Amino acid sequence: MATIAANIQQVHDRMARACALAQRPVQSVTLLTVSKTYSADAVREAVAAGERRFGENYVQEGVDKISELIDLRDRLEWHLIGPLQSNKTRVVASQFDWVHTVDRLKIAERLSAQRPPGLAPLQVCLQVNTSGEANKSGLGPAELAPVARAVAALPGLRLRGLMAIPEPTADPIEQRRAHRALRDLFDRLRADGLDLDTLSMGMTADLEAAILEGATIVRVGTAIFGARIQPGR
Ligand SMILES: *Cc1c(COP(=O)(O)O)cnc(C)c1O
């Protein structure tokens, strides 16, 4: 069985090949190691292999892992990449460094108000629903600009960019189409004067397509830790 370190090297190789194809510098794309459902020991292995940014989907699991790894807290960045309910904002505002899944102004206002004053602003992305299904989380493209302007003005947050989870598809053309939709929204917000630098898109199955369309953070779990036990998690 491949080790976590070897898997990480392979993911960096995939990222470097995609950057070469896109004629982008390798440093322009950051790997977010998605550790959801995996143990603190697995995270330690990834840290030993040089990773320092970790993504968690479930608030309680993330908080538990952060405290199990408290000895490494200063060296690591913890990113929440799963749905966030308003009753969980306080713990997230005090424990995490980034939230990729802000999808309502109310959530952003709570995170801003609850960010402890001694910490740097919480780094946030707005989650956008680019595939348009009614039951999926994320802001609709039409409501994005006013929410982005309001979030950018909140003192406890720093709005960094946009995030999306497109419908899974094995077709690279479709993958790129979905990522390009997010990229277009990002470019429009920047043209309107918002100071954004982050496009969080691309996972194990579609990181190449995401990098070709401008991703600056790819979120990768399976290719590093192996298939998760619980389907859908
Ligand atoms: C689980 C998850 C990932 C990682 O997906 P893999 O296919 O395992 O690489 C990335 N982003 C989000 C939001 C996730 O929930």
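Reading guide: rules and limits
Residues numbered from 1 in each chain as written. Predicted model: local features only at pLDDT ≥ 70, side-chain atom pairs only at ≥ 80, totals over all residues. Heavy atoms only, no water. Near = heavy atom within 4 Å. Polar contact = N/O pair within 3.5 Å; in protein donor to acceptor, adjacent residues only side chain to side chain. Nonpolar A, V, L, I, M, F, W, Y, C, P; charged D, E, K, R; others polar. Phe/Tyr/Trp six-rings, centres within 6.5 Å; stacked < 30°, edge-to-face > 60°. Helix = DSSP H or I, 4+ residues; strand = E, 2+ residues; numbered from the N terminus. Buried < 20%, exposed > 50% of the residue type's maximum accessible area, 1.4 Å probe, protein only.

**What about the site of the ligand?**
Near the ligand lie 13 residues; those nearest to it are K36, T204, R219, T222 and R228. T222 is positioned with one of its side-chain polar atoms (N or O) 2.5 Å from an oxygen atom of the ligand. The residue inventory of the shell around the ligand, partitioned by class, reads six nonpolar, four polar and three charged.

**Observations concerning the packing of aromatic side chains**
Within this structure, the stated rule accounts for two aromatic pairs. Considering the side-chain rings of Y38 and F225, the 5.1 Å spacing of their centres and the 25 degrees angle between planes classify their relative orientation as stacked. Taken together, the residues span a long stretch of sequence, with Y38 in the loop between strand 1 (30–34) and helix 2 (40–48) and F225 in helix 9 (residues 222–225) at a distance of 187 residues. Each member of the pair, Y38 as well as F225, is classed as buried. Ring plane angle 40 degrees and centroid distance 5.7 Å describe the contact between F54 and W78, whose orientation is recorded as tilted.

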